Amino acid sequence: MSGPVAVRTWRNLSPLLRLLILTQLAFNTGFFAVLPFLAAHLGTAIGMAGWLVGCVLGLRTFSQQGLFVVGGWLVDRHGVRPVVLAGCVARIAGFAWLGCAERIWAVVGAVLLIGFAAALFSPAVESEVARQAVVWEREGHGSRTRVLALFSAAGQAGTFVGPLLGGVLLTVDFRAACLAGAGVFLLVLAGHAWLLPRHIPGRARIRARGGIRVMLRNRRFIGLCCAYGGYLLAYNQLYLALPDEVERATGSQLPLSWLFALSSLLVVFVQLPVTRWAGDRLDLRRSMATGLLLIAAGFAVVAAARPAAWTGTAGLLPAAGYVVLLTLGQMLVVPAARAWVPDLAEDGRLGLYTGALSSVSGLIVLVGSSATGSLLDLGLPATVRWLVLAAVPALTVPLLPRRPEPAGPRDGPAPRSPRPLRPLRHPEIIRPGR
């Protein structure tokens, strides 16, 4: 990220927002110190068959993305602090268990626990960052998307640092990587038990039922989920279509690591300036639409170059162009989508809606990945395959809500106006036990 812009934004943040952003950095560092090496460990050390390794990895994704809506619901009912602390405890136990697991049932149990931990703390942290970003915007500091961009960049920095840490620890063994991941979350647990307030001003707990029914009738929110699902489905091609193209061009998948590093570093260093530029010129809908079209253009670049059948370094150029355009699109789509949720959520149910954004879009990816994966087996020309993939994000643009609308229930003839968020008066430090 741009240094001066990041420093200026960071200085204007409340202590709570700084804690939550650093939390995202630590979460991803601990998680990605283990995850990239899990498949190899299951196949070699545990001796699992390939299909079983895929099944285990799929279970982890389901236990995480699929249960985000549950974690968000728990946040609305019980508050941020207990859900975050419970998620940290579950992640510590899951990593420690995985490091010791030698049988299939133990591995599956540990992986499910690791996924469920993220389903607890991620909606809690993400929803509170989004809510605090709205407060930050109303206090006149700038667009809320700047806060969410800093949050995304911190997470991406953890995604970059985590595998480096895990790679060093693998020189010892996989258990060392797992214990290091557990250690990171132990530090996060201790820090949050000390610093995270018991009650965050302006966030009321909701006891009434019926939020899910109202949410499912919220066409604008479902449209946002579908568009975000289109982005995630396109992003998932980094792990499906891109490896196939890289291997065709170079005869190896080794260059993939460099392309993934390129994507991570772009987010870390360019996310905040891109978000600032978009915030000065585009509303949330136009920002998401522009991002989705950039992603579509990334697929189109490969489709246009494919008939030339370049190989070697030249053959990697279209793939690199795809990665750059996909990452630029991601920089526009992700902060805008997260910033939009508070405007579409019912009053007091931001956690539920934040979790549902991940769960609904994750379901779209689960269904869509089977369809897009089958493109590789149909014998279609490569240009056609990449053009079909380009159409996916482009076709989700019309699903975006047309204009901003205040949050509130939308099941009656005349929606009520939501309670305004009360301005927060942050102390200089977050006192423990508060």
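Note that the structure is a prediction, hence the values are computed from the model and not measured. (Residues numbered from 1 in each chain as written. Predicted model: local features only at pLDDT ≥ 70, side-chain atom pairs only at ≥ 80, totals over all residues. Heavy atoms only, no water.)

A word on the confidence of the model for the protein
Taken as a whole, the protein shows an average pLDDT of 82; of its residues, 86% reach a score of 70 or greater. Here residues 406–434 is modelled with pLDDT under 50, and outside its nearest four sequence neighbours on either side it reaches 57 contacts, counting other chains as well. (pLDDT = per-residue confidence, 0-100. Contact = heavy atoms within 4.5 Å.)

Overview of helix H14 (residues 284–305)
Along an α-helix, residues three or four apart share an orientation, since each turn contains 3.6 residues. A rise of 1.5 Å per residue sets the reference length of H14, with its 22 residues, at 32 Å; its end C-alpha atoms lie 32 Å apart and thus fit the reference within 8%. Where H14 begins, one side-chain oxygen reaches toward the backbone nitrogen of arginine 285, 3.3 Å away; that side chain belongs to aspartate 283. (Helix = DSSP H or I, 4+ residues; strand = E, 2+ residues; numbered from the N terminus. Expected span 1.5 Å × (residues − 1). Polar contact = N/O pair within 3.5 Å; in protein donor to acceptor, adjacent residues only side chain to side chain.)

As for helix H12 (residues 241–250)
Here H12 has its buried residues at Ala241, Leu242, Pro243, Glu245, Val246 and Ala249. Those residues of H12 that are buried lie in contact with helix H13 (255–281), H14, helix H15 (312–344) and helix H17 (382–396). (Buried < 20%, exposed > 50% of the residue type's maximum accessible area, 1.4 Å probe, protein only.)

Digging into the environment of alanine 314
Within the fold, alanine 314 resides in helix H15. Alanine 314 sits in the partly exposed class, given a relative accessible area of 35%. Sequence separation between alanine 314 and alanine 249 is 65 residues; the distance between their C-alpha atoms is 8.3 Å.

Topic: the environment of leucine 85
By the secondary structure assignment, leucine 85 is in helix H6 (residues 80–100). The class for leucine 85 is buried, based on a relative accessible area of 17%. With 107 residues separating them along the chain, leucine 85 and histidine 192 place their C-alpha atoms 7.2 Å apart. Beyond its immediate stretch of four places on either side in the chain, leucine 85 contacts Leu189, His192 and Ala193.

As for unusual backbone geometry
Phi at alanine 309 takes a positive value of approximately 55°, unusual for a residue other than glycine. With respect to the helices, strands and loops of the structure, alanine 309 is situated in the loop between H14 and H15.

Section: the packing of aromatic side chains
Applying the stated rule across the entire model yields 11 aromatic pairs. Judged by centre distance (5.6 Å) and plane angle (15°), the ring pair of phenylalanine 27 and phenylalanine 185 falls under stacked. Remark: phenylalanine 185 occurs in helix H9 (residues 174–195) and phenylalanine 27 occurs in helix H2 (residues 15–32); sequence separation between them is 158 residues. Phenylalanine 27 sits in the buried class, given a relative accessible area of 3%. Their ring planes at 45° and their centres at 5.7 Å tell us that phenylalanine 299 and tryptophan 386 sit as a pair that is tilted. Taken together, the positions of phenylalanine 299 in helix H14 and tryptophan 386 in helix H17 put the pair 87 residues apart, joining distant regions of the chain. Across the pair, tryptophan 386 and phenylalanine 299 agree in class, each one buried. Aromatic rings pair up to connect Phe27, Phe95, Phe121 and Phe185 into one cluster. (Phe/Tyr/Trp six-rings, centres within 6.5 Å; stacked < 30°, edge-to-face > 60°.)

Things to note about the pattern of salt bridges
According to the stated counting rule, one finds nine salt bridges in the structure shown. Arginine 131 is the salt-bridge partner of glutamate 128, the closest N and O atoms lying 3.3 Å from each other. In this pair, glutamate 128 and arginine 131 both sit in helix H7 (residues 104–138), three residues apart, roughly one turn of the helix. The salt bridge involving glutamate 245 is made with arginine 248; its shortest N-O contact spans 3.0 Å. Placement of both glutamate 245 and arginine 248 in helix H12 is noted, with a separation of three residues, approximately one turn of the helix. Using a relative accessible area of 5% as the deciding quantity, one classes glutamate 245 as buried. (Salt bridge = Lys/Arg side-chain N within 4 Å of Asp/Glu carboxyl O.)

Quick notes on the packing of helix H8 (residues 144–169) against H15
For the pair H8 and H15, the least separation of the axes is 9 Å and the interaxial angle reads 125°. Here H8 is positioned oblique relative to H15, judged by the angle of their axes. In this structure, H8 crosses over H15, and the sense of that crossing is right-handed. Facing H8, whose interface residues are Arg144, Thr145, Leu148, Ala149, Phe151, Ser152 and Gln156, H15 presents Gln330, Val334, Pro335, Ala336, Arg338, Ala339, Pro342 and Asp343. In terms of residue class, the contact of H8 with H15 is made up of eight nonpolar, four polar and three charged. (Axes fitted to C-alpha atoms, helices over the stretch in contact; angles between N-to-C directions. Parallel < 35°, antiparallel > 145°, perpendicular 65-115°, else oblique. Left-handed = near helix turned anticlockwise from the far one by under 90°. Nonpolar A, V, L, I, M, F, W, Y, C, P; charged D, E, K, R; others polar.)

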